[in-house]
Amino acid sequence: MSTVFNFTFVPWFRSVAPYIHMHRGKTFVVGIAGEAIAAGKLQNLAQDLALIQSMGVKIVLVHGFRPQVNEQLAAKGHTPKYSHGMRITDEIALDCAQEAAGQLRYEIEAAFSQGLPNTPMAGSTVRVISGNFITARPVGIVDGVDFMHSGLVRKVDVLGITRTLEMGAMVLLSPFGFSPTGEAFNLSMEEVATSVAAELQADKLIFLTETQGIRVQPNEPASENNPIDTELPLAMAKQLLASAPSPTQPTDLAFYLQHCVKACEEGVERSHILPFSVDGALLLEIYVHDGIGTMVVDEKLEELREATADDVGGILQLIEPFENDGTLVKRNRTEIERDVDHFTIIDHDGVIFACAALYPYPEAKTAEMAALTVSPQSQGQGDGEKILKRVEQRARAMGLNSIFVLSTRTMHWFLKRGFVQMDPDWLPEARKRKYNWDRKSQVLVKKI
């Protein structure tokens, strides 16, 4: 049993290493809906956040308290009042919000203070610091509705939060703000988290919510044909938002999406909507390539570019399995380092998913495309064709008339894309001298 565990754990742990390196030193703003705490998820969320912080991530945690405030109101015989998707905070609701926030802060601080042996919190030290980091202003009267003690963020104490994070502490914010006269305003968790992420220019804004994420066709039920959009470009997110009705409750499409869009427009590259119902949702989204919820991104994470010396390790990792099974000719690290500027790669969120090298023979007006490789994880998504097109462009820019490949197993793929089979005698003299007659590779040529 332990041997099986070793064989599954070791490759898995190695596979998350790039994400651990990538996120170290980054700042994440995490907004947790009050419903997650009411559903008993706080212990596991605290454990996961402590683990993420231990890997070098700076965390600002903003908690919500909708159900807790409503519970306090019900205990006092009052009904919650909403308008325009916001709570109307009268004197009683303000008292209930302050009571709920105080209780939740104690619960959250207690969750991060645990260190029992044989638990994920054993040996962890998480210093949680709260403070008056948010200055607020009243919502006022909107369309004849007086929102009383409901407020909006006026200013974020960026310096104070930054210094606290640099001390190694986690910053905990309740959805409250104070005016310069000392008046308290009830804010929404979503607006506080978005404003703080934008002002800090955080690397990620993450909402742990009641929803599974954003669906491709929001008006149709979930199915295999209507999955969660795991990556939503900002332009598409804005289109969805424009066609969605104004949100009135957290499960509405636009409720969290509007904040993700706003954050991305204001410089936060990635905003996430995750379901708190899935245990470990934060870890799955941050340290697994495909994630679990929806990520709104201001730029396409996939980058098609020429390789640099920093990419040598990633290229070796990508091509090694194909060298081992004989699909590719073996190349050593020295060779890759020497020729790295010949490579074109597809880099997706810091991980290389495809590559190819171009070796020109100017005297024959041609070039060899070698080591064309696409990761099994992204095969069938057109990455091979993207690399091929870029290689063709590079060859044209060199004034060449054709490119050729030597292949033993993937001839059909090239033939479908305009390559023609030629006799090995066609090869440029310099390449013919290195041709391995025992391998019997097919020579495939494409005019460009």
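Quick look at the structure, then. Note that the structure is a prediction, hence the values are computed from the model and not measured. (Residues numbered from 1 in each chain as written. Predicted model: local features only at pLDDT ≥ 70, side-chain atom pairs only at ≥ 80, totals over all residues. Heavy atoms only, no water.)

Section: helix 5 (residues 91–113)
Alright, step 1. The terminal C-alpha atoms of helix 5, which comprises 23 residues, lie 33 Å apart, in line with the 33 Å expected from a rise of 1.5 Å per residue.
Alright, step 2. Two to three positions downstream of the cap, the backbone nitrogen of I92 sits 3.2 Å from a side-chain oxygen, assigning the N-cap of helix 5 to D90. (Helix = DSSP H or I, 4+ residues; strand = E, 2+ residues; numbered from the N terminus. Expected span 1.5 Å × (residues − 1). Polar contact = N/O pair within 3.5 Å; in protein donor to acceptor, adjacent residues only side chain to side chain.)

Regarding the packing of aromatic side chains
Alright, step 1. Applying the stated rule across the entire model yields ten aromatic pairs.
Alright, step 2. Their ring planes at 75 degrees and their centres at 5.2 Å tell us that F414 and F419 sit as a pair that is edge-to-face.
Alright, step 3. Of the residues examined, F414 reaches a relative accessible area of 6% and is grouped as buried.
Alright, step 4. For F419, a relative accessible area of 3% translates into the label buried.
Alright, step 5. In textbook terms, an aromatic cluster arises when at least three aromatic residues are bridged by ring pairs, as seen for F9, W12 and F13.
Alright, step 6. Taking the ring centre of F28 as reference, the NZ or CZ of K204 above it sits at 5.9 Å. (Phe/Tyr/Trp six-rings, centres within 6.5 Å; stacked < 30°, edge-to-face > 60°. Buried < 20%, exposed > 50% of the residue type's maximum accessible area, 1.4 Å probe, protein only. Lys NZ or Arg CZ within 6 Å of the ring centre and 35° of its normal.)

What to know about the nonpolar core
Alright, step 1. The biggest cluster of nonpolar side chains holds 45 residues, and the ones touching the most others in it are V30 and L282.
Alright, step 2. Examining the composition of this core, we find that ten residues originate from one element, helix 5, more than from any other.
Alright, step 3. Setting aside chain neighbours within four positions, we find V30 in contact with L49, I59, V60, L61, V62, I206, L208 and L282.
Alright, step 4. V60, L165, L234 and A237 belong to the second-largest nonpolar core, a separate cluster that totals 39 residues. (Core = buried A, V, L, I, M, F, W, Y, C linked by side-chain atoms within 4.5 Å. Contact = heavy atoms within 4.5 Å.)

With respect to the sheet that holds strand 14 (residues 231–233)
Alright, step 1. The strand order across the open sheet formed by eight strands is 5-10-2-1-13-15-16-14, and the pairing between neighbours is mixed. Each edge of the open sheet is held by one strand with a lone partner, namely strand 5 (128–129) and strand 14.
Alright, step 2. Summarising the sheet, strand 1 (residues 27–32) and strand 2 (residues 58–63) pair through six bridges and their orientation is parallel. Looking at the pairing, G31 lines up with V62 of strand 2.
Alright, step 3. Here helix 6 (residues 158–166) sits on the sheet in contact with strand 1, strand 2, strand 5 and strand 10 (170–173), set at roughly 125 degrees to strand 2. (Pairing = 2+ DSSP bridges. Axes fitted to C-alpha atoms, helices over the stretch in contact; angles between N-to-C directions.)

So, empty space enclosed by the protein
Alright, step 1. Under the definition given, this model contains two cavities of 30 Å³ or more.
Alright, step 2. One number sums up the size of the largest cavity: a volume of about 60 Å³.
Alright, step 3. If you trace the largest cavity, you find it lined by K41, N44, L45, D48, F276, V278, D279, G280, A281 and L282.
Alright, step 4. Of all the secondary-structure elements, those providing two or more residues to the lining of the largest cavity are helix 3 (42–54) and helix 10 (281–287).
Alright, step 5. With three residues, the single largest contributor to the lining of the largest cavity is helix 3.
Alright, step 6. Within this model, the second largest cavity holds a volume of roughly 40 Å³.
Alright, step 7. If you trace the second largest cavity, you find it lined by L73, H78, T79, P80, K81, I88, D90 and A93. (1 Å grid on protein atoms, 1.4 Å probe; cavity = no way out; pocket = protein on both sides within 12 Å on 5 of 7 lines; lining within 4 Å. Points joined across faces, edges and corners; volume = space filled by probe spheres on them.)

Purely spatial values, then, with no claim about function.
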